[in-house]
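The chain contents come next:
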Amino acid sequence: MAPLEPWEKVFVNFETFSTTVHGQKSCMECHGGEQSKDKASAHSGLVSRPSEDPETICGQCHPDIVAHTDENLHANLQGYWTAIEARSTSQDHQALVEMFGNHCESCHTSCGDCHISQPASVGGGFIDGHIFNETPSMTRNCTACHGSRVGNEYMGKHEDIKADVHFRQGRMSCIDCHDNHEMHGYPSDCQTCHPGPETASIPSIEHRYDGVQSPRCESCHTPVTLGNDGILMHEQHGGDLSCQVCHAVSYTSCDGCHVAISETSGNPFFSTEGSYLGFFIGKNVYKSYDRPYEYVTVRHIPVDNKSFEFYGANLLADFNNRPTWSYTTPHNIQRNTPQTESCDACHGNSNLFLTIDMVDSDEVDANLDVIVTQVPPSIFELLSSP
Amino acid sequence: MKNAWIILFFVLGIVFQTSCRTQQDEVGESIKVVDISTEGQEEVLVSEEHNQEIGSQESDSSTSETDQPGSETPVAVVPDPVDECVVCHADKQSLIDTAKPIEPVESENEGEG
């Protein structure tokens, strides 16, 4: 993705924009500022990102969407806080708030970050001359943030690993599966048919793998769910394995991220100890009605108990409350993978499973619920056992 | 033979009379359009810029007023207010000229983000 030129970031394609609905408003109605030929005067009181206050600005015409801002994970970043709060105590909250503001909050996504501009975390700026795009750009919006893992996996940027079949053959973009209901924080698809008070009581989701599974592979691949596709493994393992266990290939894991403020520049920065490709099957810590699987794909997330040491000692006092090998859904789906070659591609193959020897000794306690203590035996052993 | 000539001249005469009458009528109508009363007229200036305002629908009404005979009232010409935001932000060269100099910032991040 080529960076935007400075002039591009603020260039308004007025010839086209003025013909759109949003172009009927004057600039100052959303952005403030003053009418002046002098740049400094014109920018006095300027609101460069008015959609940071969606209730006031966007909510004038889109109250139904803005009403769910509090449940919108892209806006509230609740997924981060769910993990941070689980690993810390209340007494360290203030230091973590400071850390979060310096290093994590840049991922906060306003309406404009999807529909008008690039996200601020990648430099911001108008993507299309200030024209409002109903469908966000896969490259300028989605993978601008979700790039190092999902974007690279999905578009096949790892050497010798094909792109996800949904991209490579289906030519599908992110929004084809992750629709506006999910992105806007609507309380799951249930509300589509059940708009009554029962859906009003659905709790807000705490992280991306919480609540109703959306999207679901089975939404499009319906015969798999019904066992009507003639594939024996779908009948045998459809309920106890997530789809990715058989249909994903190697994906990125990361180790040891630490954050700090630079002494020379005063800017926040991070450093990661390493990233690597691998494939690991672990046990499902989010087992539920919506995610009934016994085994799922897991990847190592780069947090460790000293990640935020710059802001204070032992800020993650309850570090072991959450695993560091996390439930994951790699976006590099293939019909045929090493796992689908035969039953024994997985059965008896300890290399695929997250066994205790693969876990750092400092993290074993955190990952007890994920570690596979007994690898499923080979088919021969299964058939031979009494 | 003599009667045939008389009949021929009679028919030609009728045709000639008919065509002359049609032309006179047309002249009469054009005279009516031009003959505008000058009594009680007020000078009205028509806003020429109204048509260019976003969403304006006034162009038709202002045109119909001036076409009607005896209704030439001058309408004040009010220029549209210039949106200085657009003047600058829709001008690529202006943005290039007024942009802050690019200060290269070396990223201190290490590894995947």
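As a starting point, this report considers the structure included with it. (Residues numbered from 1 in each chain as written. Chains lettered and ligands numbered in written order. Predicted model: local features only at pLDDT ≥ 70, side-chain atom pairs only at ≥ 80, totals over all residues. Heavy atoms only, no water.)

**A word on the overall build of chain B**
Next up, step 1: Helix and strand content of chain B: 4 helices and 0 strands.
Next up, step 2: The buried share of chain B, reckoned over its 113 residues, is 8%.
Next up, step 3: In chain B, the proportion of contacts linking residues at least 24 apart, taken out of those at least 6 apart, comes to 74%.
Next up, step 4: In the structure as shown, chain B presents an accessible area of about 9600 Å², 56% of it carried by carbon and sulfur atoms. (Helix = DSSP H or I, 4+ residues; strand = E, 2+ residues; numbered from the N terminus. Buried < 20%, exposed > 50% of the residue type's maximum accessible area, 1.4 Å probe, protein only. Contact = heavy atoms within 4.5 Å. Areas by Shrake-Rupley, 256 points an atom, 1.4 Å probe, with all protein chains shown as cover.)

**Some thoughts on the interface of chain A and chain B**
Next up, step 1: Contacts between chain A and chain B engage 28 residues on the former and 21 residues on the latter.
Next up, step 2: On the chain A side of the interface with chain B, the three residues burying the most area are Trp 7, Gln 35 and Phe 270 of chain A, jointly 25% of the side's total.
Next up, step 3: Linking chain A with chain B are 1 salt bridge, by the criterion used here.
Next up, step 4: Taking the shortest distance from any N to any O, the salt bridge between Glu 84 of chain B and Lys 37 of chain A comes out at 3.1 Å.
Next up, step 5: The tally of links from chain A across to chain B stands at 12 residue pairs in polar contact (both at pLDDT 80 or more).
Next up, step 6: At the level of secondary structure, the elements contributing two or more residues to the side of chain A that touches chain B comprise α1 (6–10), α3 (27–31), α11 (147–154) and β2 (268–278) of chain A.
Next up, step 7: Here the side of chain A that touches chain B gets 6 residues from one element, more than from any other, and that element is β2 of chain A. (Buried area = accessible area lost by both parts, 1.4 Å probe. Salt bridge = Lys/Arg side-chain N within 4 Å of Asp/Glu carboxyl O. Polar contact = N/O pair within 3.5 Å; in protein donor to acceptor, adjacent residues only side chain to side chain.)

**Focus on the pattern of salt bridges**
Residues and elements named next belong to chain A.
Next up, step 1: What the rule picks out here adds up to 7 salt bridges over all chains.
Next up, step 2: Here Glu 294 makes a salt bridge to Lys 287, at a shortest N to O gap of 2.6 Å.
Next up, step 3: Each of Arg 49, Glu 52 and Asp 113 takes part in a single network of salt bridges with overlapping partners.

**Quick word on the packing of aromatic side chains**
Residue and element names in this part refer to chain A.
Next up, step 1: Under the criterion given, the structure shown has 11 aromatic pairs over all chains.
Next up, step 2: An angle of 80 degrees between the planes, with centres 5.9 Å apart, marks the rings of Tyr 80 and Phe 100 as edge-to-face. In this pair, Tyr 80 is assigned in helix α7 (residues 78–87) and Phe 100 in helix α8 (residues 93–103), connecting sequence segments 20 residues apart.
Next up, step 3: In this structure Phe 100 comes out as buried when scored by relative accessible area, which is 3%.
Next up, step 4: Residues Phe 310 and Tyr 311 carry aromatic rings whose centres are separated by 5.1 Å and whose planes lie at 75 degrees to one another, so their mutual orientation is edge-to-face. (Phe/Tyr/Trp six-rings, centres within 6.5 Å; stacked < 30°, edge-to-face > 60°.)

**As for α8 of chain A**
All names here are of chain A.
Next up, step 1: Three or more residues of α8 are buried, namely Ala 95, Leu 96, Met 99, Phe 100 and His 103. Projected down its long axis, α8 shows its buried positions confined to an angular sector of 140 degrees, all on one face.
Next up, step 2: Those residues of α8 that are buried lie in contact with α7, β1 (251–261) and β2. (Arc of directions from axis to C-beta.)

**Remarks on the sheet that holds strand β5 (residues 325–327) of chain A**
All names here are of chain A.
Next up, step 1: Reading across from one edge, β3-β4-β5 is the order of the 3 strands in this open sheet, with antiparallel pairing throughout. This sheet does not close on itself; its edge strands, each paired only once, are β3 (281–283) and β5. Sheet twist, expressed as the mean angle between neighbouring strand axes with direction ignored, is 60 degrees.
Next up, step 2: Strand direction decides the pairing type here: β3 and strand β4 (residues 295–300), joined by 3 bridges, are antiparallel. When the bridges of β4 are listed, Ile 281 appears paired with Thr 297. (Pairing = 2+ DSSP bridges. Axes fitted to C-alpha atoms, helices over the stretch in contact; angles between N-to-C directions.)

**Remarks on the pairing of β1 of chain A**
All names here are of chain A.
Next up, step 1: The element β1 is extensively covered by neighbouring structure, given that 8 of its 11 residues are classed as buried.
Next up, step 2: Across 10 bridges, β1 lies against β2 in antiparallel orientation. Note that in β2 the partner of Ala 260 across the bridge is Phe 269.
Next up, step 3: Counted between consecutive antiparallel strands, the loop separating β1 from β2 contains 6 residues, among which Gly 266 sits at a positive phi close to 75 degrees.

**Thoughts on α11 of chain A**
Two residues of an α-helix separated by three or four positions point the same way, owing to the 3.6 residues in each turn.
All names here are of chain A.
Next up, step 1: Judged by how many residues are buried, α11 sits mostly within the fold: 6 of 8 residues are covered.
Next up, step 2: Taken together, the buried positions of α11 are Gly 147, Ser 148, Gly 151, Asn 152, Glu 153 and Tyr 154.
Next up, step 3: Packing partners of the buried residues in α11 comprise α10 (138–145), α12 (165–168), β1 and β4.
Next up, step 4: At the C-terminal side of α11, Gly 156 shows a positive phi close to 70 degrees.

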